[in-house]
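Secondary and tertiary structure notes
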Amino acid sequence: MTVLDRFLRYVTFDTRSSEESGTTPSTPGQRVFAEELAKELEAIGMEEISLDENSYLMATLPANTTEELPVIGFIAHLDTSPDMSGKDVRPRIVTYKGGDILLNKEENIVLSPDMFPELKDYEGQDIVVTDGTTLLGADDKAGIAAIVASMRYLKENPEIKHGKIRVAFTPDEEIGQGADHFDVKKFGCDWGYTMDGGQIGELEYENFNAAAAKIIFKGLNVHPGYAKDKMRNASSRAVEFASWLPAEQCPERTSGYEGFFHLTGMSGSVEQATLTYIIRDHDRKLFEEKKALLRTLVDRMNQAYPGCAQLELRDQYYNMREVVEPKKQVIDLALAAMKEVDVKPIVRPIRGGTDGARLSFMGLPCPNIFAGGLNFHGRYEFLPVRSLEKSMETIVKIIELTASSK
């Protein structure tokens, strides 16, 4: 079974996660998929296979040398994004010859380089596309396929010497809970890699510092005909507060290393209103300043309207660069492996976060490597077959170089 065969099988599992369930995993389909993967890992000869009550699946490829080598791990997530259905995915392989790809004739859904110019980079290649009614699931079933296929390859090619290798497949990454119950001590690795990047060649070891904020505004409702000097409109206060934040610091006006305040939700009445934000910045100092600004603005609101506003603010994750960069060999190995398999590395900051960010601060340095897919979380997601194959080859080469560099 090729790495592509595995991927095409994996996308048939509906593993869409949910922020509403309050369970781990958040959806039963993730458990079903994990159980099938456990059987598959056993069939290819993996050992120390464990699937816990939260559906964290771990397994070991034993060392085939007596030499003392680092234990390294490879991680991918079971779930797909809640942003779009992952049920009844119907993948199709297209040899891309340029121009538009008609995904769905009935609904006239077209994957076009006019909207997604990166498509042009894959002319002449086979790519896997959707039928336009679901996402594809390359995020992160491509990563899972690359990991499992590489383990099978190493079992079948024992002349490639390697130390102990650990793999892990986690639930609920897409809803920010992938590392919640990850047992770093049990995983037992010196370092790891999440196989959860996009475009071929991506290597990411910088991500946003992240926080979530909720501001609750209290008001007082009075009949509008008699409201003068009495009514306190919570929704009006929320609108006023939102206008105080710097307009240029929003996702649609920032790129690269620039951070932002992102208004993700708003609701309200005269009596009570709520604004929810996510705060992001690569620079820790600027991140702390953004949080401080929110506190200052809430104080300002309460000075103008005593007792009006309440802030709930919590950090979510931090920039893994703080942990990974001092262990430069982890990055150097990945860069060298890509070059060895004829992949041009693309080192860029993540304008988001990965499980690897949290795991890094939990004691497992864990940069992120490409799995090959593009346009994640929607109907226009696609996966170049060569990119998937190179992801697998990169894993094998990292393992090989780890042994030969000792």
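All of the points below concern the structure found in this document. These figures come from a predicted structure and were not determined experimentally. (Residues numbered from 1 in each chain as written. Predicted model: local features only at pLDDT ≥ 70, side-chain atom pairs only at ≥ 80, totals over all residues. Heavy atoms only, no water.)

**Description of the packing of helix H1 (residues 3–10) against helix H3 (residues 138–156)**
The geometry of H1 relative to H3 is characterised by a closest axis approach of 9 Å and an angle of 140 degrees between their N-to-C directions. Relative to H3, the element H1 is oriented oblique. Like other packed secondary-structure pairs, H1 and H3 cross with a definite hand, here right-handed. Contacts between H1 and H3 pair Val-3, Arg-6, Phe-7 and Tyr-10 from the former with Ala-138, Lys-141, Ala-142, Ile-144, Ala-145, Ala-146, Val-148, Ala-149 and Arg-152 from the latter. (Axes fitted to C-alpha atoms, helices over the stretch in contact; angles between N-to-C directions. Helix = DSSP H or I, 4+ residues; strand = E, 2+ residues; numbered from the N terminus. Parallel < 35°, antiparallel > 145°, perpendicular 65-115°, else oblique. Left-handed = near helix turned anticlockwise from the far one by under 90°. Contact = heavy atoms within 4.5 Å.)

**Describing the side chain of Asp-139**
Tracing the sequence through the fold places Asp-139 in helix H3. Despite its burial, Asp-139 remains without a salt bridge, the nearest opposite charge being carried by Lys-141 at 10 Å. With residues near it in sequence (within four places) discarded, Asp-139 still touches His-77, Asp-79, Thr-80, Glu-174, Asp-196, Phe-376, His-377 and Glu-381. (Buried < 20%, exposed > 50% of the residue type's maximum accessible area, 1.4 Å probe, protein only. Lys, Arg positive; Asp, Glu negative; His and termini not counted. Salt bridge = Lys/Arg side-chain N within 4 Å of Asp/Glu carboxyl O.)

**Details of helix H6 (residues 284–304)**
For H6, spanning 21 residues, the distance from its first C-alpha to its last is 31 Å, which sits close to the expected 30 Å at 1.5 Å a residue. When we look at burial in H6, the residues that qualify are Phe-287, Lys-290, Lys-291, Leu-294, Leu-297, Val-298 and Met-301. Viewed along the axis of H6, the buried residues span an arc of 115 degrees, placing them on a single side of the element. Across H6 from its buried face, at more than 90 degrees, point the exposed residues Lys-285 and Gln-303. Residues of H6 that are buried in the fold lie against strand E11 (209–218), helix H5 (234–244), strand E12 (260–268), strand E13 (272–281) and strand E14 (309–317). (Expected span 1.5 Å × (residues − 1). Arc of directions from axis to C-beta.)

**Observations concerning unusual backbone geometry**
For the peptide bond that leads from Thr-24 to Pro-25, omega is 0 degrees, which places it in the cis range. Counting through the fold element by element, Pro-25 comes out in the loop between H1 and helix H2 (28–43). Between Asp-139 and the following residue, Asp-140, the backbone shows a cis peptide bond with an omega angle of 15 degrees. Examined against the element boundaries, Asp-140 turns out to sit in helix H3. We note that Asn-108 has phi near 50 degrees; this positive angle belongs to a residue other than glycine. Turning to its location among the elements, Asn-108 is positioned in the loop between strand E5 (101–104) and strand E6 (109–111). Phi at Asp-342 is positive, roughly 65 degrees, even though this residue is not glycine. Relative to the assigned elements, Asp-342 resides in the loop between helix H8 (328–340) and strand E15 (346–347).

**Some words on the environment of Val-128**
Residue placement: Val-128 occurs in strand E7 (residues 126–129). Residues within four places of Val-128 in sequence aside, it is in contact with Leu-4, Phe-7, Leu-8, Pro-91, Arg-92, Ile-93, Leu-136, Glu-381, Phe-382, Leu-383 and Val-385.

**With respect to the packing of aromatic side chains**
Under the definition given, this model contains 11 aromatic pairs. The interplanar angle of 50 degrees and the centroid separation of 6.1 Å between the aromatic rings of Phe-241 and Trp-244 together place this pair among those described as tilted. Here Phe-241 pairs with Trp-244, and both are found in helix H5, just 3 residues apart, close to one helical turn. Connected via pairs of aromatic rings, a cluster forms that spans Tyr-10, Phe-13 and Phe-33. Seen from the ring of Phe-33, Lys-141 lies directly overhead, with NZ or CZ sitting 5.5 Å from the centre. (Phe/Tyr/Trp six-rings, centres within 6.5 Å; stacked < 30°, edge-to-face > 60°. Lys NZ or Arg CZ within 6 Å of the ring centre and 35° of its normal.)

**Digging into H1**
Within H1 the residues assigned to the buried category are Val-3, Leu-4, Arg-6, Phe-7 and Tyr-10. An end-on view of H1 places all buried positions within 160 degrees of arc, on one side of the element. Contacts from the buried residues of H1 go to H2, strand E4 (92–95), E7, H3, strand E17 (383–384) and helix H10 (385–404).

**Some words on the sheet that holds strand E10 (residues 202–204)**
Here we have 8 strands laid out as an open sheet, ordered E1-E2-E8-E3-E9-E16-E10-E15, and mixed in their pairing. The two strands at the open ends of the sheet, each matched to only one other strand, are strand E1 (47–51) and E15. Strand direction decides the pairing type here: strand E9 (residues 191–197) and strand E16 (residues 368–370), joined by 3 bridges, are parallel. By the bridge assignment, Thr-194 is partnered in E16 with Asn-368. The strands touched by H8 are E9, E10, E15 and E16; relative to E9, the strand with the most contacts, the crossing angle is about 50 degrees. (Pairing = 2+ DSSP bridges.)

**A closer look at the state of the cysteines**
All told, the structure shown has 0 disulfides when counted by the stated rule. Cys-366 carries a free sulfur, and the closest cysteine sulfur to it, the one in Cys-189, is 8.9 Å from it. The buried category is assigned to Cys-366, whose relative accessible area is 0%. (Disulfide = S-S within 2.5 Å.)

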